[in-house]
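Spelled out, the chains give:
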Amino acid sequence: MKKLLPTSVVGSYAWPSWLHTGLAAAHRGEYGPVDTEELLNDAVDMAIRDQEDAGIDLISDGEMRRAGFFTAAFYGHLTGLEPLEPNRKVGAAGHDQQHRFKVVERISAPHGFGVVNEYLYARQRTTKPLKCLIPGPFTLAGRLTYGDGEVYGSREEAAWDFVPLVNAEIKALAEAGAEFVQLDEPSSAIHPNAEAAFSELFNAALKDVTGVTLAAHLCFGNYVGRPLSKRTYKPIFDEMMAFNVDQLLLEFANREMAEVELLTEVTQEKEVAVGVVDVKSYYIETAEDVAERIRTVLTAVPAEKLSLIPDCGFSETARWASRAKLHALTAGAALVRQQLMG
Ligand SMILES: [Zn+2]
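In what follows, the accompanying structure is described. From a predicted model like this one, the values you see are computed outputs, not experimental measurements.

## With respect to the coordination of the zinc ion
Six octahedral donors around a metal ideally sit at 90 or 180 degrees from one another, while four tetrahedral donors ideally sit at 109.5 degrees.
Next up, step 1: Distances from the zinc ion to its protein donors, His217 (NE2), Cys219 (SG) and Cys312 (SG), fall within 2.1 to 2.3 Å.
Next up, step 2: As a motif over one chain, the donors of the zinc ion read H-x1-C-x92-C. Of this pair, histidine 217 sits in strand 5 (residues 213–218) while cysteine 312 sits in the loop between strand 8 (306–310) and helix 12 (319–341), and the two are 95 residues apart along the sequence. Each member of the pair histidine 217 and cysteine 312 is classed as buried.

Right under this line is the structure:
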């Protein structure tokens, strides 16, 4: 029988101290490729171990091979790009400090994005169900230059060139045996008024994919632990409902569970994974805090359609806090599960 109120993660996991210093050493040329590979393998093992310790049901590799959500390591697989300096380098941490890329010719990914190798390594390191993570085409296009005189005239045009690349990666994952693939498309919730056919782009990236459970994560941004948009799902609701996925993963804890009533309609068509742990706050939830949030969600959705997650990835949260929050998540879920089972 399917487990009631299963727990999962959005994807990225907190970096341990030694990953920061190790990557800095690698960047200075002090590591050979074998050293770097060992560093990243150990980081994945650590991320898996922390999730297993907490009793998370559906885990990830922590995206430890990607420097952040989808920065250098991910774009490093693409041709046609040159890195640009961030617009702002000092002062308070913010989204305007992210690296961007100048497009010098139409993009391609001759050897894929590396997600298949991420999966194959993680698969041999755990017996738990595992999810694979790929940013969606509109989100990927957000870090590229576009406009008058550029290779791409608009962000949507750039996004369409990501569609076949993402599609090929998902098919390769399915062939490699992946059971669950999640596309992260937060940019559609962050820029709901952008001129782009969100669901058309998204569904094109899933064309002819079979044999895997598909999911989409939409949040309001988490770079350096900060959102960057009006935090409401209402403007993007119809578009995200048109995404051809089995499950939507959505951010609620940081918004004090606002808009749970929208989930009633979501669960008429899809399963939903709801954020009941706030990755942006250093207040560590108790099991009872988490249980209370779950009970709020259950006023709007049937328990059989509900999974429980942190709001977003943990890449911007300290590891000690991430660990504690994973434990709070599973303990809170267990409390409510016990009550429901009587
Ligand atoms: Zn997110």
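## Comments concerning the packing of helix 11 (residues 287–298) against helix 12
Packed helix pairs are characterised by how far apart their axes lie and by the angle those axes make with each other.
Next up, step 1: Contact geometry of helix 11 with helix 12 gives a least axis separation of 7 Å together with a crossing angle of 55°. In terms of their interaxial angle, helix 11 and helix 12 are classed as oblique. For helix 11 against helix 12, the interelement crossing comes out right-handed. Only Ala328, Leu329, Ala331, Gly332, Ala333, Leu335, Val336, Gln339 and Leu340 of helix 12 make contact with helix 11, whose side of the interface consists of Ala287, Glu288, Val290, Ala291, Ile294, Arg295 and Leu298.
Next up, step 2: Of the residues contributing to the contact of helix 11 with helix 12, the split by class is 12 nonpolar, two polar and two charged.

## Some remarks on the pairing of strand 7 (residues 271–277)
Next up, step 1: Along strand 7, six of the seven residues are buried, which leaves the element largely enclosed by surrounding structure.
Next up, step 2: As for the winding sense of the linkage, the β-α-β connection from strand 6 (residues 247–250) through helix 10 (residues 262–269) to strand 7 is right-handed.
Next up, step 3: Bridge count for strand 7 against strand 8 is five bridges, and the pairing is parallel. Residue pairing across strands places valine 274 opposite leucine 308, the latter belonging to strand 8.
Next up, step 4: Taken together, strand 7, helix 11 and strand 8 form a β-α-β motif whose crossover is right-handed.

## Considering the packing of helix 1 (residues 17–27) against helix 2 (residues 33–54)
Next up, step 1: Packing of helix 1 against helix 2 leaves a shortest axis separation of 10 Å and a crossing angle of 165°. Classified by the angle between their axes, helix 1 and helix 2 sit roughly antiparallel to one another. Read as a crossing pair, helix 1 and helix 2 show a hand that is left-handed. Counted together, Trp18, Leu19, Gly22, Leu23 and Ala26 of helix 1 and Thr36, Leu39, Leu40, Asp42, Ala43 and Met46 of helix 2 form the full contact between these two elements.
Next up, step 2: When grouped by side-chain class, the residues that make up the contact of helix 1 with helix 2 number eight nonpolar, two polar and one charged.

## Here's the deal with the pattern of salt bridges
Next up, step 1: All chains considered together, the criterion is met by 22 salt bridges.
Next up, step 2: Between glutamate 30 and arginine 28 there is a salt bridge, and its shortest N-O distance comes to 2.7 Å.
Next up, step 3: Here lysine 89 and glutamate 85 are joined by a salt bridge, their closest N and O atoms 2.3 Å apart.
Next up, step 4: On the basis of relative accessibility, which here comes to 55%, the residue lysine 89 falls in the exposed class.
Next up, step 5: Ionic contacts of the salt-bridge type, sharing partners, join the residues Asp50, Arg319 and Arg323 into one network.

## Brief notes about helix 8 (residues 198–205)
Next up, step 1: By the criterion of burial, helix 8 is predominantly enclosed, with six of the eight residues buried.
Next up, step 2: Restricting attention to buried positions, one finds in helix 8 the residues Phe198, Ser199, Leu201, Phe202, Asn203 and Ala205.
Next up, step 3: Looking at the buried residues of helix 8, the elements they touch are helix 5 (137–140), helix 6 (155–176), strand 4 (180–184), helix 7 (186–190), strand 5 and helix 9 (237–241).

Reading guide: rules and limits
Residues numbered from 1 in each chain as written. Predicted model: local features only at pLDDT ≥ 70, side-chain atom pairs only at ≥ 80, totals over all residues. Heavy atoms only, no water. Donors = N, O, S within 2.8 Å, 3.2 Å for Na, K, Ca; no water. Helix = DSSP H or I, 4+ residues; strand = E, 2+ residues; numbered from the N terminus. Buried < 20%, exposed > 50% of the residue type's maximum accessible area, 1.4 Å probe, protein only. Axes fitted to C-alpha atoms, helices over the stretch in contact; angles between N-to-C directions. Parallel < 35°, antiparallel > 145°, perpendicular 65-115°, else oblique. Left-handed = near helix turned anticlockwise from the far one by under 90°. Contact = heavy atoms within 4.5 Å. Nonpolar A, V, L, I, M, F, W, Y, C, P; charged D, E, K, R; others polar. Right-handed = clockwise from strand over helix to strand, strands pointing away. Pairing = 2+ DSSP bridges. Salt bridge = Lys/Arg side-chain N within 4 Å of Asp/Glu carboxyl O.

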